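# Structural characterization, general
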Amino acid sequence: MATATPERVPVPRDRENDYTREAADVRRSFLEERTGAKLDHVSQYSFDPGVAPGNIEHFIGVAQIPVGVAGPLLVNGEHAQGEFYVPLATAEGTLVASYNRGMKLLYDAGGVTTTVMDDKMQRAPAFLFPSAREARAFGEWLKDNFEEIKQVAESTTRSGRLQEIEQYSASRILFTRFNYTTGDAAGQNLTGKATQAACIWINQNYPDIEHYFLESNFATDKKSSQVNMLRTRGKRVIAEALISNDLLERHMHTTSEMIFKARQVSTLGGFMSGVNNNGAHSANGITAVFIATGQDAANVAESSAALGYAELRENGDYYYSVTIPSLIVATYGGGTGLPTQRECLELLGCYGSGKVRKLAEIVAATVLCGELSLGSAIVAEEWVAAHDLFGRNR
């Protein structure tokens with residue numbers, strides 16, 4: 001006997017205007033009736049749903065995440081200079097306290113020096129040919145026609161600039177990476193639109209292409225990858241500091257010699273396990289800042305890659321740096337204009353045009369503080385006790 005297929009009941013939508021409090025009320029009532037759940041807290045929000053098109057669909061309310069602040073963070077950057085109070089959105093106890101402790105240490109050490117080394121965002125088309133020789137010939141044609149391709153790609157955007165087209169060959173396929181600077185936007189959508197226009201033009205002007213795919217997965221969108229750790233995706237930022245042994249003993253209850261020894265062990269452990277960084281918890285601070293400031297949280301997959309490097313100087317000073325090769329941030333567009341996210345960006349002086357490198361330097365400096373704080377807590381055997389005291393919701 002055949003079993004009847006259950007009827008699919010879709011989420012209600014208002015075809016005229018789906019971004020109103022009334023439309024959200026209808027959806028919550030629908031969900032409460034069908035699931036038995038109560039959505040009292042989800043329904044409490046302060047902004048007009050009319051600001052949300054382009055950020056959410058089927059809006060029903062908000063997920064309220066506690067926002068704490070750590071600081072002051074002292075940054076000696078090229079774009080971020082001075083003291084900053086950093087908003088961190090998280091439900092993990094001790095996280096804000098840990099970053100705050102690291103900021104206190106590095107404030108007394110003279111601050112964190114930050115440098116943006118590179119800036120690029122990719123889309124990575126793949127072009128298929130009958131054989132490898134045709135693919136090689138196409139690669140030469142791409143080089144010869146770069147200026148025309150650049151003009152077509154940039155015609156679709158006000159802020160995107162095509163810098164280069166990398167080429168990687170395999171079988172009868174030429175994989176490419178179109179590298180752009182994207183102004184104050186993160187740039188994934190911008191680069192997609194620009195590269196699509198470029199590929200249409202290429203296909204019209206180079207008839208021997210068998211097929212192309214706009215994205216080959218070589219951009220490694222929202223995935224950590226070795227190619228982006230080497231070649232950069234988003235901002236490549238380095239944060240570094242020099243801390244005396246006296247400061248480490250006073251603030252962290254350990255010594256520079258012991259921290260350096262622990263760094264050697266954890267680097268080896270990371271190498272053995274195949275992780276994407278040799279630090280302690282870069283994803284913690286990056287995720288908390290991302291949620292607070294309206295970044296695409298899934299970009300933490302790439303942005304959390306961090307390369308820690310340490311030196312124990314002859315006088316006992318401890319040099320430590322973190323290189324973040326794929327930090328994807330924006331100060332304009334996406335979720336950055338939503339009301340609470342905009343407030344957090346304004347708290348940092350990072351909302352709007354011309355601020356994205358400043359934000360990148362603040363994030364990198366924050367990561368460095370968190371790495372030193374947690375690393376020291378582990379060495380001083382304070383980590384478990386701190387979580388047990390402050391991190392349990394009783």
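Residues numbered from 1 in each chain as written. Predicted model: local features only at pLDDT ≥ 70, side-chain atom pairs only at ≥ 80, totals over all residues. Heavy atoms only, no water.

### Focus: a nonpolar patch on the surface
A cluster of nonpolar residues, Val69, Tyr85 and Leu347, forms a patch on the protein surface that exposes about 280 Å² of accessible area. Mapping Val69 onto the fold places it in strand 1 (residues 67-76). According to the relative accessible area criterion, Val69 is partly exposed, its value standing at 45%. (Patch = residues over 30% accessible without salt bridge, like charges linked within 9 Å, V, L, I, M, F, W, Y side chains within 5 Å. Areas by Shrake-Rupley, 256 points an atom, 1.4 Å probe, with all protein chains shown as cover. Salt bridge = Lys/Arg side-chain N within 4 Å of Asp/Glu carboxyl O. Helix = DSSP H or I, 4+ residues; strand = E, 2+ residues; numbered from the N terminus. Buried < 20%, exposed > 50% of the residue type's maximum accessible area, 1.4 Å probe, protein only.)

### Points about the packing of aromatic side chains
By the definition in use, this model includes 15 aromatic pairs. Between Tyr168 and Phe218, the ring centres sit 4.8 Å apart and the planes meet at 25 degrees, which makes this aromatic pair stacked. With a gap of 50 residues between them, Tyr168 in strand 5 (residues 161-170) and Phe218 in the loop between strand 7 (211-213) and helix 6 (226-231) connect regions that are remote in the sequence. Tyr168 gets classed as partly exposed once you look at its relative accessible area, which sits at 28%. (Phe/Tyr/Trp six-rings, centres within 6.5 Å; stacked < 30°, edge-to-face > 60°.)

### A word on the pattern of salt bridges
For the structure on display, the rule yields 20 salt bridges. Its salt-bridge partner being Arg177, residue Glu166 comes within 3.4 Å of it at the nearest N-O pair. With Glu166 in strand 5 and Arg177 in strand 6 (residues 173-181), this pair connects stretches of sequence that are eleven residues apart. Neither Glu166 nor Arg177 differs from the other in exposure class; each is buried. The salt bridge partner of Glu166 is Arg231, with a shortest N-O separation of 3.3 Å.

### Here we look at the pairing of strand 9 (residues 307-312)
With six bridges connecting them, strand 9 and strand 10 (residues 318-327) associate as antiparallel partners. Within the sheet, the bridge partner assigned to Leu312 lies in strand 10 and is Tyr318. Counting the residues between successive antiparallel strands, the hairpin from strand 9 to strand 10 contains five residues, one of them, Gly316, with a positive phi of roughly 95 degrees. (Pairing = 2+ DSSP bridges.)

### Quick notes on the environment of Ser131
Summarising the element assignment, Ser131 is placed in the loop between strand 4 (126-128) and helix 3 (132-144). Exposure remark for Ser131: the relative accessible area of 27% places this residue in the partly exposed category. Separated by 42 residues in the primary sequence, Ser131 and Ile173 have C-alpha atoms spaced 8.1 Å apart.

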